[in-house]
Amino acid sequence: MSKQSGPKMTLPTQLVLRALLVEPTQEMYGLQICAAAGLPSGTIHPILARLEGWGWLESHWEDTDPSEQGRPRRRYYRLTRAGAVRAQHALTRASTPLSGVPGLRPRPTGGGA
Amino acid sequence: VSAKTQRRWAAVSRNLDRNLDRARDLDRAITRGIRFARHLGVDLDPVLMLDRNLIRRLEQPHAVDLDRVSDLPYARDCARALVAPLVHARNLAFDRAGTLDRDLHCALALECSFDFDLARACDLDAKLHCASRLVSILDLASKLARELVRDLGRDLVRASAFRQAAHPGQAERAAAGLAAAAARLIPAGSQARYAEEYLVELRDMASAGAGLKGQLGYGLRLLIRSPLLRTELRAARRRGAVS
């Protein structure tokens, strides 16, 4: 059994990495990443935890006073320098065929289901 | 020369003097009339010429010799000829005076109209000045209204955030309950972090106008993916322990 050298590159993971690689130095919080990746809110935390566990991402709390802002602090994410390079290579290697993604299969041209 | 002839020439001479005085009176009247006619724009030079000829013809025999009266018939003809131009000149002057009278009335009417227009123009100018001040005041009011709307919008967002923080709505309470439940399913060391992260995302969604369905959907997706998140966090901790 070969040792895994990086996170599992599922299609949502690829979408998240592509969204983060648009501006690798820019920090984004969860809902921003969801919107940029085109994923539903509440679905990316496992992906972010996986990428952070592999050292591709780093995160920190927003440096503001919650009472002044009237809301809790946000958690901001950003690709690490090494993570950006590895993510770029991983996306280049990744070949997730659309036919392998449930719900994205092309419809049959005719006949029954 | 007999006494009778002398008396006769003396009478002729008196008549001649009288006629000469009348002709001079006529000449003065014609001269005044011609001066006035020039002001009116009427050309009476032919009349003046006839008048001068008449005077000359009357003065000449009186000055030189009463015997030489041959010019008197010519003077009489001149006087007769003078009648028609004088009547014409009088008619012209009368017409011209009538025209001038009408023009004067028109000018007076125009002056009245001009006074009226001037009064209206002054009135309009005053109204224009007021309108210009009104426009500037309205511009200022519009600017103030825009600033007020912007500030009120900002205050409304802030007040809404504080109100939601103080009194979360029913949808947010239910979704917050789901998020809290999702946070309790992950390892204890990460629960506080993800609970706070879920809460701020829920507040952001509520501020953005997400309704009951959207917020509950968010909470449910968190809850469904909690086992996967727990697996990822444990795997990361194992890798950290190995490295």
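Residues numbered from 1 in each chain as written. Chains lettered and ligands numbered in written order. Predicted model: local features only at pLDDT ≥ 70, side-chain atom pairs only at ≥ 80, totals over all residues. Heavy atoms only, no water.

Draft legend 1. Here's a closer look at the nonpolar core. If you look at the biggest cluster of nonpolar residues, it comprises 23 residues, and the most contacted ones within it are Val16 and Ile33 of chain A. Breaking this core down by element, the ones donating at least two residues are helix H1 (11–21), helix H2 (30–37), helix H3 (45–53), strand E3 (75–79) and helix H5 (81–93) of chain A. Of all the elements, H1 of chain A adds the most residues to this core, at 5 residues. Setting aside residues no more than four positions away along its own chain, Val16 of chain A makes contact with Ile33, Ala37, Leu39, Ile44, Ile47, Leu48 and Leu51 of chain A. With 17 residues, the next largest nonpolar core counts Ala49 of chain A together with Ala182, Tyr194 and Tyr198 of chain B among its residues. (Core = buried A, V, L, I, M, F, W, Y, C linked by side-chain atoms within 4.5 Å. Buried < 20%, exposed > 50% of the residue type's maximum accessible area, 1.4 Å probe, protein only. Helix = DSSP H or I, 4+ residues; strand = E, 2+ residues; numbered from the N terminus. Contact = heavy atoms within 4.5 Å.)

Draft legend 2. Quick peek at the packing of aromatic side chains. Counted under the stated rule, the structure contains 2 aromatic pairs over all chains. Ring centres 5.7 Å apart and planes at 90 degrees place the aromatic pair Tyr29 of chain A and Tyr76 of chain A in the edge-to-face group. With Tyr29 of chain A in strand E1 (residues 28–29) and Tyr76 of chain A in strand E3, this pair connects stretches of sequence that are 47 residues apart. When sorted by exposure, Tyr29 of chain A lands in the same class as Tyr76 of chain A, which is buried. Judged by centre distance (6.0 Å) and plane angle (50 degrees), the ring pair of Tyr194 of chain B and Tyr198 of chain B falls under tilted. (Phe/Tyr/Trp six-rings, centres within 6.5 Å; stacked < 30°, edge-to-face > 60°.)

Draft legend 3. Focus on the side chain of Glu201 of chain B. Mapping Glu201 of chain B onto the fold places it in helix H5 (residues 188–207). In this structure Glu201 of chain B is buried but unpaired, with Arg74 of chain A as the nearest side chain of opposite charge at 8.4 Å. A polar contact of 3.4 Å, which involves the side chain of Glu201 of chain B, links it to the side chain of His45 of chain A. Once residues lying within four places of it in the same chain are set aside, the contact partners of Glu201 of chain B are Gly30, Leu31 and His45 of chain A together with Tyr218 of chain B. (Lys, Arg positive; Asp, Glu negative; His and termini not counted. Salt bridge = Lys/Arg side-chain N within 4 Å of Asp/Glu carboxyl O. Polar contact = N/O pair within 3.5 Å; in protein donor to acceptor, adjacent residues only side chain to side chain.)

Draft legend 4. Just the pattern of salt bridges, in detail. Tallied over the full model, the rule gives 8 salt bridges over all chains. For Arg193 of chain B, the salt bridge goes to Glu52 of chain A, with nearest N and O atoms at 3.2 Å. With Arg193 of chain B in helix H5 and Glu52 of chain A in helix H3, the pair connects residues from two separate chains. The buried category is assigned to Arg193 of chain B, whose relative accessible area is 18%. Asp204 of chain B is the salt-bridge partner of Arg74 of chain A, the closest N and O atoms lying 3.0 Å from each other. With Arg74 of chain A in the loop between helix H4 (66–69) and E3 and Asp204 of chain B in helix H5, the pair connects residues from two separate chains. Each member of the pair, Arg74 of chain A together with Asp204 of chain B, is buried. Within this structure, Glu52 of chain A together with Arg193 and Glu197 of chain B form a network of salt bridges that share partners.

Draft legend 5. How the structure looks around H5 of chain A. Residues and elements named next belong to chain A. Here H5 spans 19 Å end to end across 13 residues, near enough to the 18 Å set by a 1.5 Å rise per residue. If you check which residues of H5 are buried, you get Gly83, Ala84, Ala87, Ala90 and Leu91. Relative to the axis of H5, the buried residues are bounded by an arc of 130 degrees and lie together on one face. H5 presents Arg81, Thr92 and Arg93 as exposed residues on the side facing more than 90 degrees away from its buried surface. Those residues of H5 that are buried lie in contact with H1 and E3. (Expected span 1.5 Å × (residues − 1). Arc of directions from axis to C-beta.)

Draft legend 6. A look at the packing of H1 of chain A against H2 of chain A. Residues and elements named next belong to chain A. At a minimum axis distance of 8 Å, the contact between H1 and H2 shows a crossing angle of 105 degrees. It follows from the interaxial angle that H1 and H2 lie roughly perpendicular. From H1, Leu15, Val16, Ala19 and Leu20 reach across to H2, where they touch Ile33, Ala36 and Ala37. The residue inventory of the contact of H1 with H2, partitioned by class, reads 7 nonpolar, no polar and no charged. (Axes fitted to C-alpha atoms, helices over the stretch in contact; angles between N-to-C directions. Parallel < 35°, antiparallel > 145°, perpendicular 65-115°, else oblique. Nonpolar A, V, L, I, M, F, W, Y, C, P; charged D, E, K, R; others polar.)

Draft legend 7. Spatial organisation of the pairing of strand E2 (residues 57–61) of chain A. Residue and element names in this part refer to chain A. Side chains Leu57, Ser59 and Trp61 project from E2 onto a buried face, and the interleaved Glu58 and His60 project onto a face without burial. Pairing between E2 and E3: 5 bridges, direction antiparallel. Bridge assignment links Trp61 to a residue of E3, and that residue is Arg75. (Pairing = 2+ DSSP bridges.)

Draft legend 8. Geometry of the interface of chain A and chain B. Taken together, the contact between chain A and chain B spans 25 residues of the former and 24 residues of the latter. Here chain A and chain B share an interface that buries about 2200 Å² over both sides, 59% of which is from carbon and sulfur atoms. Across the contact surface, chain A and chain B share 4 salt bridges. A salt bridge links Arg73 of chain A to Glu196 of chain B, with the shortest nitrogen-to-oxygen separation between them at 3.2 Å. The tally of links from chain A across to chain B stands at 8 residue pairs in polar contact (both at pLDDT 80 or more). Element by element, the count of residues in the side of chain A that touches chain B is highest for H3 of chain A, at 6 residues. (Buried area = accessible area lost by both parts, 1.4 Å probe.)

Draft legend 9. Spatial organisation of the sheet that holds E2 of chain A. All names here are of chain A. Pairing in this open sheet of 3 strands is antiparallel, and the strands run E1-E3-E2 from one edge to the other. The open sheet is flanked by E1 and E2, the only strands paired with a single partner. Seen against the sheet, H1 touches E1, E2 and E3 and runs at an angle of roughly 85 degrees to E3. Lying on the sheet, H3 is in contact with E2 and E3; it crosses E2 at an angle near 110 degrees.

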